[in-house]
Amino acid sequence: MEHVVEMLNITKAFPGIVANDDISIQLRKGEILALLGENGAGKSTLMSILFGLYTPDAGTIKVFGKTVNIANPNVANALGIGMVHQHFKLVHNFTVTENIVLGMEPHVGPFLKTRDAAAKIRALSKHYGLNVDPDAKIEDVSVGMQQRVEILKMLYRDAEVLIFDEPTAVLTPQEIIELMKIMRNLIAEGKSIILITHKLKEIKEIADRCTVIRRGKVIGTVDVAGTTSAQMAEMMVGRQVNFNVDKPAKQCGDVVLEIKDLRVQSSRKTEAVKGFSLTVHGGEIVGLAGVDGNGQTELVEALTGLRHVESGSILFQGQDIAHHSIRDRIRAGMAHIPEDRQKRGLVLDYTMEENMVLEIYGLPPFAKRGFLQKPLIRAYAEKLMQDFDVRAGEGSLSLARGLSGGNQQKAIVGREVAHDPMLLIAVQPTRGLDVGSIEYIHRRLVEQRNSGKAVLLVSLELDEIMDLSDRIAVISHGELTGLKYPKETNEGEIGLMMAGVAEGAHQ
Ligand SMILES: Nc1ncnc2c1ncn2[C@@H]1O[C@H](COP(=O)(O)OP(=O)(O)OP(=O)(O)O)[C@@H](O)[C@H]1O
Ligand SMILES: [Mg+2]
């Protein structure tokens, strides 16, 4: 069997944690090898080693049968290894072409030959069905397009081995289908792929083999065709995972949030939310379904005070807060799990301790007569991290930046739920989480509801919306196109409403 990459007995430690503990994986030519493991299991670390971002403490790497020393990403590129990172690394005010050629700008003498580069990019884009405009600026294109730019970046450097670190976590269902197609095209051209994903459905659909990692160690490698999703999940978390959400029937309480005829503009000054109205009661989870980019982001930003409201009202427990400050809304009992965990959720260069009290450090008991009560803050942060199973090498003293993606997410969810808010606005709360953590977060959201609190769940995952919601609201082009009880509808109908077909319009 021809192996394009072999990582043998790789060990890598960070302060307080062995991220990779004697891991071996082998990638065959022309296959898709999935890497599956809990949040913090060590997947991104292992791939960062292969891409030359980290040096292993021990172990050997062979590429096309030859032992190599991958000292930095340039060496990886030269060996034909490319990587799409969990959090993209693009320069936002550069064009697609500028980003792709960055670091290897084509030139003749001192003259840049960007036009040649653009032509090559166009040809590659066409060949692999990537549909990328070389002249567009990164800040103007969708997340799905940014990812395709990252893919092009690898292809432009003639990569033979492509690493995808959770490529679908940030994509819409439609974009995921597109990405699967692109991956199949890449394999058909003889490339080999390592795919990190938490979604067992995707592994079943596209991967040939799957290596399971738990707490830095390899548990085993299986042929995907002969293994069920439940078996892989169990290998990964070491116990059976309950994929169903248990939700007792419940009478909902008083109105907590009443959005009335809300109008909000997008950053480009177009109308993003167009006269949107919705109520959320205590004791209920209202799921907001929609295709990405249909006004959800602007709606949530308006509700939480991050964006100006043009007109309409937001009644929170009877009071119009449409023009209140973010802080006043938080103090009134609103909490928010944001869409972008690195931009809005955490201060990456603060410790976890500081991050866990970000919104409340100025309040008693954490501050007394203007002094921070450090021991109290530490105990509070540590308890939260324990409850939500947030794993970090140096516990509450770890910098947020050093946490794995899923652990960052769990920390934010923990922090917001801990405020026990009257209204929790949860945007993509389980993005990037392993199946065990998803089960836990879902349970906590349902507990909020059971205790009489209101939850507005905004998610691109239709499964999540169907499983958790007491009522489902559908948004399309900034308007409410449907309001349904999950029992009285199905994914097909919700899908139609998401596409803008109003409730009852189809027979
Ligand atoms: N630069 C770093 N400094 C300190 N600790 C780190 C660093 N990078 C990773 N770690 C730690 O190593 C462990 C493995 O992290 P890694 O990012 O590889 O996990 P992962 O399997 O990719 O998880 P996820 O599914 O959440 O992305 C984690 O406990 C993390 O906190
Ligand atoms: Mg990771």
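Just above, that's the structure.
These numbers were taken from a predicted model, which means no experiment stands behind them.

**Description of the packing of aromatic side chains**
Per the stated rule, a full pass over the model turns up three aromatic pairs. Between Phe 14 and Tyr 54, the aromatic rings sit 5.2 Å apart at their centres with planes inclined by 70°, giving edge-to-face as the arrangement. With Phe 14 in strand β1 (residues 3-14) and Tyr 54 in the loop between α1 (43-50) and β4 (58-63), the pair connects residues that are 40 residues apart, well separated along the chain. Phe 14 sits in the partly exposed class, given a relative accessible area of 28%. The exposure class assigned to Tyr 54 is partly exposed, which follows from its relative accessible area of 34%.

**Describing the nonpolar core**
Counting 50 residues, the largest nonpolar core has Ile 151, Phe 164 and Cys 210 as the members making the most contacts within it. Ignoring anything within four residues of it in the chain, the contact list for Phe 164 reads Val 84, Ile 151, Met 154, Leu 179, Met 183, Leu 186, Ile 193, Ile 194, Leu 195 and Ile 196. With 37 residues, the next largest nonpolar core counts Ile 285, Ile 337, Ala 400 and Met 466 among its residues.

**Digging into helix α6 (residues 173-188)**
If you check α6, its first and last C-alpha atoms are 23 Å apart, about what 16 residues at 1.5 Å a residue would give, namely 22 Å. Three or more residues of α6 are buried, namely Glu 175, Ile 176, Leu 179, Met 180, Ile 182, Met 183 and Leu 186. When α6 is viewed along its axis, its buried side chains cluster within an angular range of 165° and face the same direction. Exposed positions of α6 whose direction lies more than 90 degrees from the buried face are Gln 174 and Ala 188.

**Here's the deal with the side chain of Glu 38**
Assignment of secondary structure puts Glu 38 in the loop between β3 (32-37) and α1. Residue classification places Glu 38 among the buried residues on the basis of a relative accessible area of 10%. A distance of 3.4 Å separates polar atoms of two side chains, one belonging to Glu 38 and the other to Arg 391. Non-local contacts of Glu 38, meaning those with residues more than four positions away in its chain, are made with Lys 43, His 198, Ile 213, Arg 214, Met 236, Val 237, Arg 391 and Asp 434.

**Brief notes about empty space enclosed by the protein**
With the rule as written, the count across this model stands at two cavities of 30 Å³ or more. Lining of the largest cavity is provided by Asp 292, Gln 296, Thr 297, Glu 339, Val 427, Gln 428, Val 458, Ser 459 and Leu 460. A breakdown of the residues in the lining of the largest cavity according to their chemical character gives three nonpolar, four polar and two charged. Approximately 40 Å³ is the volume found for the second largest cavity. Taken together, Gly 144, Gln 147, Arg 148, Leu 171, Glu 175, Glu 178, Leu 179 and Ile 182 make up the full set of residues lining the second largest cavity. Residue assignment for the lining of the second largest cavity shows that the elements contributing at least two residues are α5 (143-156) and α6. Among the elements that make up the lining of the second largest cavity, the one with the highest residue count is α6 (four residues). Here the residues of the lining of the second largest cavity are counted per class, giving three nonpolar, two polar and three charged.

**Section: the sheet that holds strand β23 (residues 471-476)**
Strand order in the open sheet made by the six strands is β18-β21-β22-β15-β23-β24, with mixed pairing throughout. Every interior strand has two partners, whereas the edge strands, β18 (334-337) and β24 (479-484), have only one. Going from strand to strand, the sheet's axes swing by 20° on average, the running direction of each strand aside. Relative to β24, β23 runs antiparallel, the two being bridged by five bridges. Across the sheet, the residue bridging to Val 474 is Gly 482, located in β24.

Criteria and thresholds
Residues numbered from 1 in each chain as written. Chains lettered and ligands numbered in written order. Predicted model: local features only at pLDDT ≥ 70, side-chain atom pairs only at ≥ 80, totals over all residues. Heavy atoms only, no water. Phe/Tyr/Trp six-rings, centres within 6.5 Å; stacked < 30°, edge-to-face > 60°. Helix = DSSP H or I, 4+ residues; strand = E, 2+ residues; numbered from the N terminus. Buried < 20%, exposed > 50% of the residue type's maximum accessible area, 1.4 Å probe, protein only. Core = buried A, V, L, I, M, F, W, Y, C linked by side-chain atoms within 4.5 Å. Contact = heavy atoms within 4.5 Å. Expected span 1.5 Å × (residues − 1). Arc of directions from axis to C-beta. Polar contact = N/O pair within 3.5 Å; in protein donor to acceptor, adjacent residues only side chain to side chain. 1 Å grid on protein atoms, 1.4 Å probe; cavity = no way out; pocket = protein on both sides within 12 Å on 5 of 7 lines; lining within 4 Å. Points joined across faces, edges and corners; volume = space filled by probe spheres on them. Nonpolar A, V, L, I, M, F, W, Y, C, P; charged D, E, K, R; others polar. Pairing = 2+ DSSP bridges. Axes fitted to C-alpha atoms, helices over the stretch in contact; angles between N-to-C directions.

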